[in-house]
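# Remarks on the overall topology
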Amino acid sequence: METIFYPDRKDFDRLCSRNIPADDPGVTAAVESIVADVAVRGDEALREYALRFDGVSLDSFELTPAEINEGASRVDGETARAIDAAAGQIRIFHEAQRPAPLRVESIPGVVCEQRPVPIRTVGLYIPGGRAPLFSTVLMLGIPARIAGCRNVVMCTPQSGSAPIAPEILYAARVAGIDKIYRIGGAQAVAAMAYGTASVPRVDKIFGPGNRFVTKAKQLVTSVTAIDMPAGPSEVMVLADHTARPDFIASDMLSQAEHGPDSQAMLVTNSPSLAEAVVDEVGRQSRLLSRAESVAGSLSSSRIIVTRSREEAIDFANMYAAEHLIINMENPREAAMEIDAAGSVFIGPYSPESAGDYASGTNHTLPTGGWARSMSGVNLESFMRRITYQQLTPDGLASLAPVITAMAEAEGLDAHAAAVTVRLKSFEK
């Protein structure tokens, strides 16, 4: 882990670079082939890829209610209670996000409205493998249900050597997810985007995944919407002399264990804190089980020592972290100066893992600097807004000079005529 002392501002952009592997032409070509194949051959292609990639021969893709209940019943009581409690917190926060309809009479006789409506059918991708992300089932399924989506479809891989993790099935039942399909990878994304005989076509796809899943989501945007560009996870800690090095090290390592391409950053105006954190990261990392992931992540992680608190906040806004932890004096004051971050954790007792699981905020967040222009998943991610307008004869007459003048200036005679023909009808 590199420590950079007092960098010039001209170097900030370089120091904001992510630990992102170069785009692999082999991955792109493979995913393009899979997506095109599923679009044409549907279920037949899905069966072949399940056997090739997951080592499982599938007669049916959709899990039956009995299979879901049997799998969910294998969750131990402590985990089930934790999932239930986390679901309650997530539900409370997302229920509070319900958008209100808007109605404005801009001038007498001209009423404009905006109404939020749910996306009809959404698809959720949940990775399986060594770390089945059942928390993501809650983060995506619960707001989809609160938003009122009619159909919520979930895809998650099943391998030949193991069933779908019971925690995933229990969380899906708690979240009220309609249909679960035992398919994974790029082929699952393609199935939800194009639809097959077994898997319904969806209007928007949500969820994280590996490079193949991410590339597939990018490729299908011509036929369906996606939640956001996804990349390796990241955390930044903003800290000063008041922070505890062991807290900071634990936050950095909790991100590093996600995978070797994750990134952990510390930005501080305290050189002594930076040195203490290096020592603490070394001590704590030796106690972790995912040593390879941690080592890979830390090799591209950084500690930036700035000249001042203000410079540290400026750097944080430029980096636009997925997760930003503020562990310094007057942390809320500093948080109010942040305008680019996925989710902000304020104060020494707000670890990122709280947001990952149970505080109630959503953990599906923009990475790779996208937080400068995008929000994380929230209730409105599962909705869209329709505008309405209704004009009375007097209202149209009032706007007519404006509409016809602008239409004629743009050379769109029919637009102007659509108004004048109505004005003439008033004279009869």
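Our subject is the structure listed above.
Conventions and cut-offs
- In this convention, every chain numbers its residues from 1, walking through the sequence in written order.
- Where local features are concerned, this predicted model is filtered to residues with pLDDT of at least 70; where side-chain atom pairs are given and counted, the filter is 80 or more; whole-chain, interface and lining totals use all residues.
- No hydrogens and no water enter the side-chain calculation; it runs on all heavy atoms of the structure.
- Here, a salt bridge means any side-chain nitrogen of Lys or Arg that lies within 4 Å of a carboxyl oxygen of Asp or Glu.
- Helix and strand definitions here come from DSSP, where helices need a minimum of 4 consecutive H or I residues and strands a minimum of 2 consecutive E residues; each element is numbered from the N-terminal end.
- Burial classes: relative accessible area under 20% of the type maximum marks a residue as buried, over 50% as exposed, and values in between as partly exposed (1.4 Å probe, protein chains only).
- Pairing of aromatic rings covers Phe, Tyr and Trp, the last through its six-membered ring, and needs centres within 6.5 Å; plane angles under 30 degrees mean stacked, over 60 mean edge-to-face, and all others mean tilted.
- In this description, strands pair whenever DSSP reports at least two bridges between them.
- Fitted lines through C-alpha atoms serve as axes, helices being fitted only where they are in contact, and the angles separating the N-to-C directions of these axes extend from 0 to 180 degrees.
- What makes two residues a contact is simply this: any of their non-hydrogen atoms within 4.5 Å.
- Orientation labels follow simple angle bins: below 35 degrees gives roughly parallel, above 145 gives roughly antiparallel, 65 to 115 gives roughly perpendicular, and whatever is left gives oblique.
- Helix crossings are classified by the rotation of the near helix relative to the far one: an anticlockwise turn of less than a right angle makes the crossing left-handed, while a clockwise turn makes it right-handed.
- Note on residue classes: Ala, Val, Leu, Ile, Met, Phe, Trp, Tyr, Cys and Pro are nonpolar, Asp, Glu, Lys and Arg are charged, and everything else, Gly too, is polar.

### Considerations on the pattern of salt bridges
- Within this structure, the stated rule accounts for 18 salt bridges.
- Note that Lys217 and Asp227 form a salt bridge whose closest N and O atoms lie 2.7 Å from each other. Of this pair, Lys217 sits in helix H9 (residues 211-219) while Asp227 is found in the loop between strand S8 (225-226) and strand S9 (234-239), placing the two residues ten residues apart along the sequence.
- On the accessibility criterion, Lys217 (3% relative accessible area) is buried.
- In this structure, the salt-bridge partner of Arg307 is Glu311, at a minimum N-O distance of 3.7 Å.
- Among the ionic contacts, a cluster of salt bridges with common partners joins Asp8, Arg9, Arg307, Glu311 and Asp314.

### Side note on the packing of aromatic side chains
- In this structure the tally under the stated criterion is five aromatic pairs.
- Measuring from centroid to centroid gives 6.2 Å for Phe5 and Tyr6, while their planes differ by 55°, and the two rings are tilted.
- Look at Phe12 and Phe315: their rings are 5.0 Å apart centre to centre, the planes differ by 85°, and that puts the pair in the edge-to-face class. In this pair, Phe12 is assigned in helix H1 (residues 12-15) and Phe315 in helix H13 (residues 309-319), connecting sequence segments 303 residues apart. The pair formed by Phe12 and Phe315 is uniform in burial state, with each residue classed as buried.

### Brief notes about the sheet that holds S9
- Ordered in space as S1-S11-S10-S9-S12-S13, the six strands form an open sheet in which the pairing is parallel. Strands with a single pairing partner mark the edges of an open sheet, and in this sheet they are strand S1 (2-5) and strand S13 (343-346). When the angles between neighbouring strand axes are averaged without regard to direction, this sheet yields 15°.
- As judged from the four bridges shared by strand S10 (residues 263-268) and strand S11 (residues 302-305), these two strands associate in the parallel manner. In the strand pairing of S11, Thr268 is matched with Val305.
- Across the sheet, helix H11 (residues 271-285) touches S1, S9, S10 and S11, and the angle it forms with S11 is around 165°.

### Observations concerning the packing of helix H2 (residues 25-41) against helix H8 (residues 185-194)
- Running from N to C, H2 and H8 cross one another at 40°; their axes reach a closest spacing of 9 Å. Here H2 is positioned oblique relative to H8, judged by the angle of their axes. As for the relative orientation of H2 and H8, their crossing is right-handed in sense. Here Val31, Ile34, Val35, Val38 and Ala39 of H2 lie close against H8, whose contacting residues are Ala186, Gln187, Ala190, Ala191 and Tyr194.
- Of the residues contributing to the contact of H2 with H8, the split by class is nine nonpolar, one polar and no charged.

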